[in-house]
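The lines below spell out each chain.
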Amino acid sequence: MSTPVSSPARPGPPPTALRGERRVPRVFYLMVLPALALFAVFHTVPLLTGMFFSLTNYAGYGEWSFVGLRNYANLFGDDRIYGAYGFTFLFAIVSTVAVNIIALAVAIALNGRIRFKTGFRGIFFIPNILSILIVGYVFNYLFSNSVPAIAEALGVTSLTTSILASPDTAWIGVVILSVWQAAAFNIIIYLAGLQTIPGELYEAASLDGASPWKQFTSITFPMIGAFFTINMVLSLKNFLQVFDQIISLTAGGPGTSTESISLLIYRGGFQGGEYGYQTANAVLYLFVIIAISFIQLRILQRREASF
Amino acid sequence: MTATSSSAVRRVATDRPDGDDVVERAYRPDRRRVNWWLTALVAVCALTVLIPLYLTVVTALKTPDQLGGTGFGLPTTARWENFADAWTLTSFPRALLNTGLVTVGTVLLTLVTNSMVAYAIARNMHRRFFKGLYFYFIAALFVPFPIIMLPVVKQTAIFGLDNQLGLILLYTVYGLSFNIFVYVAYIRSIPLELEEAALTDGATTWTVFWRIIFPLLGPMNATVGILTCLWAWNDFMLPLVILSDPSAQTLPLAQFIFQGQFNTNYSVAFASYLMAMAPLLIVYLFAQRWVISGVMRGSSK
């Protein structure tokens, strides 16, 4: 009768046939083993192979030999690597902040006293069902042809050339496309969060004379803390892997000004004969993403708890 | 007493075909007075979503000499041949078939296998092996695709999986991490009593899963199905690196190749964009409420 407590939260009486058995039903193993095998073969094995080849000078074909940690050492002296990390982080941080502010604002508006809620909600989700690559081509035309033409008509000289054509502004185009696309999903997540807040809280706050801003900072924001955490972590993680947007807008250019880490790994690894070197870059990238995700979760969770 | 409480919980678990019940209830108190200023503001924001779509439609209908300027003007005469040209130039029927095949295959295989794995894990979380398995799958959420990209391409080529079948398999396997996470949370909220009753009556665990649990997973299957469908349909990177035979091209990949070859013929290009976007847009038009409630449900788990 020793019953390991599997889930204290679960309702219902404890000791039963499925729980706390000494005998493990074989069928449960049959259910997971094929998936485990496939996952190991197509995820864990490539991960380990990648780590292995990061210690070699493999070009992607032909002979290779061990070079120890030389690839890693070279990474730190490579301007192209610095460029890619610099751009990717600038892009990812700006996009994460922008998309979360915009999505939260739109979600609050959609949750407010407006008409045609379902219709608007439906429209705002459209970008999420479209291919980023294809939308990116449309935005490419928008940035290269439409915006300069409009700027010319309005006499705004700074925008008469395509923002994608300048190394200093091309990243902004990538941010705009990414925010446009990612906001759709984040709006829906925030909306789901907002609907968990009981309306009585706002009624009580209004009676107490709390201003809308006060209501936002002391009710809305604390109540959707978990949703904010999820959105921040997922957005940053997705933006750090930016690829499709860049292929369709700038192809990494002008020069290498918008070359992201993913694009660099793809190009160097498949086309540049840098298989071993770029897997080293990918391993570094893995550790960076893991470190950032954990730091973010810790900071955001502490913030949640402090309310 | 147990019976009533369990059936109540079951009702909660099953009778949520869409989150809209919740949505409507949350909206109701607001119906008293409509804030028209806010409505107008939201409408303006919604325009930013629609402008690129509008641009796509009008550009797709123009003749080359009507291009230029801002591109926002309506076409003076519609050139429907753009679509016919795009149809043949991008091998649209073949790309559509490939994408459709990969998407349907991925969604079906994902629903059937991922839910089953999640069930086995959820009901054995107190056992070290299954708990370890759970964290093993979840940990993969933190692994960016580029690190496995280079080796996995070599592997799929060796296995002869550099085709549509390989894509289906890889999407199903890579989806496990996230899907296990949402399925397990959901399955653990389903009370055990039903399964126990069935097992006492002599049903096997397989039967219990397929006849009792899988139907109860309906709402979660919808969520996972929708997200998987959007991913498999729109993904570009995996087809780009995995597929070797041009005849296996999916829609986004075909657009990429097409772009490289005919990058100046904007009208035909935009017609092909519109055709590539259309299938999911049309489905979405009719299933909009269902899609959004499915996504919302996934987020609250």
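These numbers come from a predicted model, not from an experiment.

**With respect to the overall build of chain B**
Within chain B one finds 14 helices and zero strands. In chain B, the order of α-helices and β-strands from amino to carboxyl end is α-α-α-α-α-α-α-α-α-α-α-α-α-α. The burial tally for chain B puts 43% of its 301 residues in the buried class. Sequence separation of 24 or more characterises 77% of the internal contacts of chain B that already satisfy a separation of 6 or more.

**As for the interface of chain A and chain B**
Taken together, the contact pairs 83 residues of chain A with 89 residues of chain B. Of all the secondary structure elements, the ones that give two or more residues to the side of chain A that touches chain B are helix H1 (26-53), helix H3 (79-110), helix H4 (117-129), helix H5 (132-154), helix H6 (170-194), helix H10 (244-249), helix H11 (261-271) and helix H12 (275-306) of chain A. When residues in the side of chain A that touches chain B are grouped by element, the largest group, 14 residues, is from H1 of chain A. Of the residues that constitute the side of chain A that touches chain B, the class distribution is 55 nonpolar, 22 polar and six charged.

**A short note on the confidence of the model for chain B**
All names here are of chain B. Within chain B, residue pLDDT values average 83, and 88% of them lie at 70 or more. Within chain B, the lowest mean pLDDT, 38, falls on helix H1 (residues 2-14), and the highest, 93, falls on helix H5 (residues 92-122). Under a pLDDT of 50 for its full length, residues 1-31 has, in the predicted model, 29 contacts with residues more than four places off or in other chains. Predicted complex, confidence summary: ipTM 0.83, pTM 0.84.

**With respect to the UniProt feature "transmembrane region" (unreviewed entry) in chain A**
All names here are of chain A. Within this numbering scheme, the UniProt entry marks residues 27-53, 84-110, 122-143, 170-194, 215-234 and 282-300 as carrying the feature "transmembrane region" (unreviewed entry). For the annotated span residues 27-53, helix accounts for 100% and strand for 0% of the residues, and the straight-line distance between the end C-alpha atoms is 38 Å. Split by type, residues 215-234 is 95% helix and 0% strand. Its first and last C-alpha atoms lie 27 Å apart.

**Some remarks on the UniProt feature "transmembrane region" (unreviewed entry) in chain B**
All names here are of chain B. UniProt feature "transmembrane region" (unreviewed entry): in the numbering of this structure it lies at residues 34-55, 95-121, 133-153, 165-187, 208-233 and 266-287. From the first C-alpha to the last, residues 34-55 spans 32 Å; its make-up is 91% helix and 0% strand. Along residues 266-287, the helical share is 100% and the strand share 0%, with 31 Å between the first and last C-alpha atoms.

**Some thoughts on unusual backbone geometry**
All names here are of chain A. With a phi close to 55°, Ala251 is a non-glycine residue in the positive phi region. Within the element layout of this structure, Ala251 appears in the loop between H10 and H11. Since 15 C-beta atoms lie within 10 Å of it, Ala251 is described here as partly exposed.

**Considerations on the packing of H3 of chain A against helix H3 (residues 36-60) of chain B**
Two elements in contact, H3 of chain A and H3 of chain B, have axes whose closest approach is 10 Å; the angle formed by their N-to-C orientations is 135°. Between H3 of chain A and H3 of chain B, the interaxial angle falls into the category oblique. Note that H3 of chain A runs across H3 of chain B; the crossing there is left-handed. Packed against H3 of chain A, whose contacting residues are Val106, Ala109 and Leu110 of chain A, the element H3 of chain B presents Leu38, Leu41, Val42 and Cys45 of chain B at the interface.

**A look at the UniProt feature "domain: ABC transmembrane type-1" (unreviewed entry) in chain A**
Taking the UniProt record as the reference, the feature "domain: ABC transmembrane type-1" (unreviewed entry) is found at residues 85-296 of chain A. Secondary structure content for residues 85-296 of chain A is 77% helix and 0% strand, while the C-alpha to C-alpha distance between its ends is 18 Å.

**Re the packing of H5 of chain A against helix H14 (residues 266-299) of chain B**
Here H5 of chain A crosses H14 of chain B at 145°, and the two axes come no closer than 10 Å. Once H5 of chain A is placed against H14 of chain B, the crossing between them reads as left-handed. When H5 of chain A is examined against H14 of chain B, the residues Ile134, Tyr137, Val138 and Tyr141 of chain A are found in contact with a partner set consisting of Tyr266, Tyr273, Ala276 and Met277 of chain B. Each residue belonging to the contact of H5 of chain A with H14 of chain B can be placed in one class, and the counts come to eight nonpolar, no polar and no charged.

**Comments concerning H4 of chain A**
An α-helix turns once per 3.6 residues; consequently, residues spaced three or four apart project the same way. With 13 residues, H4 of chain A ought to run about 18 Å at 1.5 Å a step, and its terminal C-alpha atoms sit 19 Å apart, in line with that. Within H4 of chain A the residues assigned to the buried category are Lys117, Phe120, Arg121, Ile123, Phe124, Phe125, Ile126, Pro127 and Asn128 of chain A.

**Side note on the nonpolar core**
By size, the foremost hydrophobic cluster in this structure holds 160 residues, and its most contacted members are Ile187 and Ile188 of chain A together with Val117 and Ile121 of chain B. Two domains share this core, each providing at least three of its residues, namely domain 1 (26-69) and domain 2 (71-306) of chain A. Sequence-distant contacts of Ile121 of chain B, that is, excluding residues within four places in its chain, are made with Val32 of chain A together with Phe130, Leu133, Tyr134, Ile180 and Val184 of chain B.

**Considering the domain arrangement of chain A**
Residue and element names in this part refer to chain A. Partitioning chain A into domains gives domain 1 (26-69) and domain 2 (71-306). Between domain 1 and domain 2, the C-alpha centre-to-centre distance is 31 Å. Contacts between domain 1 and domain 2 engage 12 residues on the former and 11 residues on the latter. A breakdown of the residues in the side of domain 1 that touches domain 2 according to their chemical character gives seven nonpolar, five polar and no charged.

**Quick word on the environment of Ala287 of chain B**
One can find Ala287 of chain B in helix H14. When the C-alpha atoms of Ala287 of chain B and Leu133 of chain B are compared, they prove to be 35 Å apart, with 154 residues separating the residues in sequence.

Thresholds, definitions, all that
- Residues numbered from 1 in each chain as written.
- Chains lettered and ligands numbered in written order.
- Predicted model: local features only at pLDDT ≥ 70, side-chain atom pairs only at ≥ 80, totals over all residues.
- Helix = DSSP H or I, 4+ residues; strand = E, 2+ residues; numbered from the N terminus.
- Buried ≥ 20, exposed ≤ 12 C-beta atoms within 10 Å, placed from the backbone.
- Contact = placed C-beta atoms within 7 Å.
- Nonpolar A, V, L, I, M, F, W, Y, C, P; charged D, E, K, R; others polar.
- pLDDT = per-residue confidence, 0-100.
- UniProt positions renumbered as here; feature names shortened; annotations may be inferred.
- Axes fitted to C-alpha atoms, helices over the stretch in contact; angles between N-to-C directions.
- Parallel < 35°, antiparallel > 145°, perpendicular 65-115°, else oblique.
- Left-handed = near helix turned anticlockwise from the far one by under 90°.
- Expected span 1.5 Å × (residues − 1).
- Core = buried A, V, L, I, M, F, W, Y, C linked by C-beta atoms within 7 Å.
- Domains from an automatic or database assignment.

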